[in-house]
Each structure stands twice: as structure tokens, then as C-alpha cells.
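# Inside the fold
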Amino acid sequence: TARVDLFGLSPDDIGEFISDTLGKDGASEVSTLTEAVYATTLGNIFFVKQALEELVRKNALFYDVMMFTWEYNLTKVELENHLSDDVIEMVQSKIEGLQPTDVKKLIV
């Protein structure tokens, strides 16, 4: 059986994941984004996914419909300012963006 470690991935691994996710040609194209995301997630792939989603919700990471590519035009510090240091805050931010009827569906 093969074992895949999903926690504590290296910055290079996270860079490759982000590059692949955004359809870029290599990790060097997303180095600033990778540094900001890695600083927040410390290589936890599940948190990386949440961080990318948060950046999209805040329009810090966006799909350019004219160029048909994912883009960001912020510095590492600006990107980090858009990211929460706490994964719980990321999830809360995601819930707060939902319609009230959808939030009611989540209440148990």
C-alpha cells in the first residue's frame, strides 16, 4: 500500500499543487502566492484548499475571462493580509458568505 502524507508538505509541494490547480506552467509562476499560502497553512493541503477558496471569495485570486487564466496581482504581504491565520476563521468567513437560507440548512 502506498501512503500519501497530506500534512506538512514542503513549500515546493504546495507550489506545485497551486500551479497545477491554477493551470500554470510551473511553481515559479505562483511563487508569491505559494509563499503567502504556505506561511498560513504550513503545508497542510486541506488548509491550502481553504486558503485558495478564501482568496477567491475576497477577489484576491480571480479568473481573468479575457485571458482565460487565474491571476492575482498582489504582493506576498497583501495576500497574507487577505488570509486568516486561523482555519476556523476561514471556514466562518465561508459560512458568512452564504445566503441565510443556506446557513439555516447547516444548523443542526
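The text that follows walks through the structure, step by step, so that each part is easy to find. (Residues numbered from 1 in each chain as written. Predicted model: local features only at pLDDT ≥ 70, side-chain atom pairs only at ≥ 80, totals over all residues. Heavy atoms only, no water.)

Next up on the list: the packing of helix α1 (residues 11-22) against helix α2 (residues 31-41). Running from N to C, α1 and α2 point in directions that differ by 120 degrees, and their axes come no closer than 9 Å. Considered as vectors, α1 and α2 are oriented oblique to each other. Of the two possible hands of crossing, α1 and α2 adopt the one that is right-handed. Contacts between α1 and α2 involve Pro-11, Ile-14, Gly-15, Ile-18 and Leu-22 from the first element and Leu-33, Thr-34, Val-37 and Tyr-38 from the second. (Axes fitted to C-alpha atoms, helices over the stretch in contact; angles between N-to-C directions. Helix = DSSP H or I, 4+ residues; strand = E, 2+ residues; numbered from the N terminus. Parallel < 35°, antiparallel > 145°, perpendicular 65-115°, else oblique. Left-handed = near helix turned anticlockwise from the far one by under 90°. Contact = heavy atoms within 4.5 Å.)

A few words on α1. With 12 residues, α1 extends 16 Å from end C-alpha to end C-alpha; this agrees with the ideal 16 Å at 1.5 Å per step. Among the residues making up α1, those that are buried are Ile-14, Gly-15, Ile-18, Ser-19 and Leu-22. For α1, the angular spread of buried residues about the axis comes to 135 degrees, placing them on one side. In α1, the exposed residues that point more than 90 degrees away from the buried face are Asp-12 and Asp-20. The secondary structure elements touched by the buried residues of α1 are α2, α3 (45-57) and β2 (69-71). Of the residues one or two after α1, Gly-23 is the one with positive phi, at around 70 degrees. (Expected span 1.5 Å × (residues − 1). Buried < 20%, exposed > 50% of the residue type's maximum accessible area, 1.4 Å probe, protein only. Arc of directions from axis to C-beta.)

These figures come from the coordinates and say nothing about function on their own.
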